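# Summary of structural features
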Amino acid sequence: KSPLVMIPGPTELDASVLEALGEPSMAHADPRLIEHFGRSLELMRDVFQCKAGQPLILTASGTIGWDVIAANLVEPGQRALVVTNGYFGDRFRDCLEAYGVATTALTSQPGTAPTVDEITAALSAAGSSHFSLVTLTHVDTSSGVLTDIKACAAAIRAAQPNALIAVDGVCSIGGEELRMDEWGVDVAFTASQKAIGCPAGLALMVLGERAMAAFNDRVARKVPVTGWYASLANWLPIMKAYEARQPSYFATPAVNLIVALHKALDNLVGFPGGLSALFARQVLASDAFKAGIAAMGLTLVPKTHASAAHLLSAIRFPQGVGAGDLVPKVRARGAVITGGLLAPIKTEYFRVGHMGVSALQASRDDLLVTLRAIEGALIELGVAGVTAGAAEAAFNSVLRK
Ligand code: PMP
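An unreviewed UniProt entry annotates the protein chain as alanine--glyoxylate transaminase of Capsaspora owczarzaki. Under the UniProt heading Cofactor (unreviewed entry), the note attached to the protein chain is "pyridoxal 5'-phosphate".

### Looking at the domain arrangement of the protein chain
If you check the domain split of the protein chain, you get domain 1 (4–9 + 272–399) and domain 2 (16–269). The distance between the C-alpha centroids of domain 1 and domain 2 comes to 28 Å. At the junction of the two partners, domain 1 supplies 24 residues and domain 2 supplies 23 residues. Going through the elements one at a time, helix H11 (275–295) and strand S11 (312–316) are the ones with two or more residues in the side of domain 1 that touches domain 2. Residues that form the side of domain 1 that touches domain 2 fall into these classes: 16 nonpolar, 6 polar and 2 charged.

### Side note on the sheet that holds strand S9 (residues 187–191)
In spatial order, the strands read S2-S10-S9-S8-S5-S3-S4; together these 7 strands make up an open sheet with mixed pairing. Single-partner strands in this sheet number two, and they are strand S2 (54–59) and strand S4 (102–106). The mean angle between the axes of side-by-side strands here comes to 20°, regardless of whether they run parallel or antiparallel. On the sheet, helix H3 (residues 64–72) packs against S2, strand S8 (164–168), S9 and strand S10 (202–207) and is oriented at approximately 40° with respect to S10.

### Things to note about helix H8 (residues 209–220)
Look at H8: 16 Å from first C-alpha to last across 12 residues, which is about the 16 Å you get at 1.5 Å a residue. Ala211, Ala214 and Phe215 are the residues of H8 that are buried. The arc that holds the buried residues of H8, viewed along the axis, is 95°, so those residues lie on one side. In H8, the exposed positions angled more than 90 degrees off the buried face are occupied by Asn216, Asp217 and Ala220. Buried residues in H8 make contact with H3, S8, S9, S10 and helix H9 (232–243). At the C-terminal side of H8, Lys222 shows a positive phi close to 60°.

### Quick word on the confidence of the model for the protein chain
Averaged over every residue, the pLDDT of the protein chain is 96; residues scoring 70 or more account for 99%. Scoring the predicted complex yields pTM 0.98 and, for the interface, ipTM 0.99.

### Some remarks on the environment of Met239
You can see Met239 is positioned in helix H9. Since 22 C-beta atoms lie within 10 Å of it, Met239 is described here as buried. With 138 residues separating them in the primary sequence, Met239 and Val101 have C-alpha atoms 27 Å apart.

Each value, and the rule that gives it
- Residues numbered from 1 in each chain as written.
- Predicted model: local features only at pLDDT ≥ 70, side-chain atom pairs only at ≥ 80, totals over all residues.
- UniProt positions renumbered as here; feature names shortened; annotations may be inferred.
- Domains from an automatic or database assignment.
- Contact = placed C-beta atoms within 7 Å.
- Helix = DSSP H or I, 4+ residues; strand = E, 2+ residues; numbered from the N terminus.
- Nonpolar A, V, L, I, M, F, W, Y, C, P; charged D, E, K, R; others polar.
- Pairing = 2+ DSSP bridges.
- Axes fitted to C-alpha atoms, helices over the stretch in contact; angles between N-to-C directions.
- Expected span 1.5 Å × (residues − 1).
- Buried ≥ 20, exposed ≤ 12 C-beta atoms within 10 Å, placed from the backbone.
- Arc of directions from axis to C-beta.
- pLDDT = per-residue confidence, 0-100.

Have a look at this one:
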C-alpha cells in the first residue's frame, strides 16, 4: 500500500476524481471535453466567490499565476508592493522583477505576516497611486502562516485606491475562505494539486472586474503584453469560447486533468452544507490535528493561533531531531510528510498537509494515521515527553469522534 500523501500538495485524491482521471482520452474539441471545461470555469466563480469574474484554466502549475499577473496586469517600469511572509512571496517578487516590474518588498520575521499597519505605512509612505499592484500570499506554504486577506485588502484599498490587489491563493483556495468580491480582491489564483483536490498540472485564476478593466485599458493603449503562453490576449478568447460551449484552440489543454478538475470542483461546490460548511470542517480538522501535535509537546512555526493556516501545519522539531531522522520514519509508518523550506529556520521544522479529502471526509483516518506515525517515530527517536496514544486522544477530543 502506498503511504498517504500528507505534504502541502499534491494531496490524497477522492476516488471519484481518480475515476474521472481514468476516463478514455478525448479530442480537445470533443463536445464532452468542452462541457467539462466550460462547467469548470463556471464553478470557479463559486469557489473563488467572484460572481462577475473572468475565470481562466491553464495547463501549467501554480507558478504561472505569477507570470500571468506580471505579464498582463502590471507594466514594465511600474511599481508593485510585494507583501511577503516567506518563500513563495519572495518568488512572486522574483517573477515580477523578471518582467521588469519595479518591486518593493514588505517582509516579516519567520512565523509572522506583515501587519495591516505595516502595509498601510508602506503604502502611505509611497504617496498616492504610487503602486500599480499590491500582492499578498494568502497562506505561505513554507511557514504555514495565514494572512488576513480581508483586513489587508481593506487597508490597501483605503491607502491606494487605484492599485490592483492580487492574491496568491495556491495554498488556500478551495479550503481556506477567500471572498474575492466581498473583500475587494482583484485577481486570485491557485493550482489544482492543493485544496482543489485534483492532480497537479492545472493553474486556476479568476480576474475580477477591476483587473479586467486594467487589462483592457492596456490593450486600448497598445502596451504589448510581455509574454506569450502567459498572455491573456491569447487565452481570454479561448476561455470565453469554452464557456459558450464552442471549440477553440490556442494550446492543447491537459484533457484528462480537465475531466478530473470538473469532478473535483463539483465535489467542493456540492459539499454537504455548502462552502461555508466545508471551510468550517477544514478548520475543525486543522484544530484537531494541531491539538494532537501539541499533545506531543511540539510547537508551531506561526506565532499565534490566528495566524496558523488550516491546510497545513509547520511544526518545530523537538531538541535533537531533524528532518533526516523524522521524515523517513514517518513514511515507514504510512504517511509522507516533508521538511522546512524557509531560510533561515529551514532545518528547524517540518510540514504536514491536512487538506482535501484527508481533512474533509469523516470516513478517512488520514490525519490520525499521520499523528500516530509522527508519535511512533518520535518515541522511537527517544524524544522525552511523548506518550503513546496522547496525540490521538487530543485529536479525538476536538473532533469528538
Ligand atoms: N504559491 C504558493 C503559496 C505555493 O505553495 C506554491 C507551491 N507550493 C506555489 C505558489 C507554486 O505552485 P506550483 O508549485 O504548483 O508551481
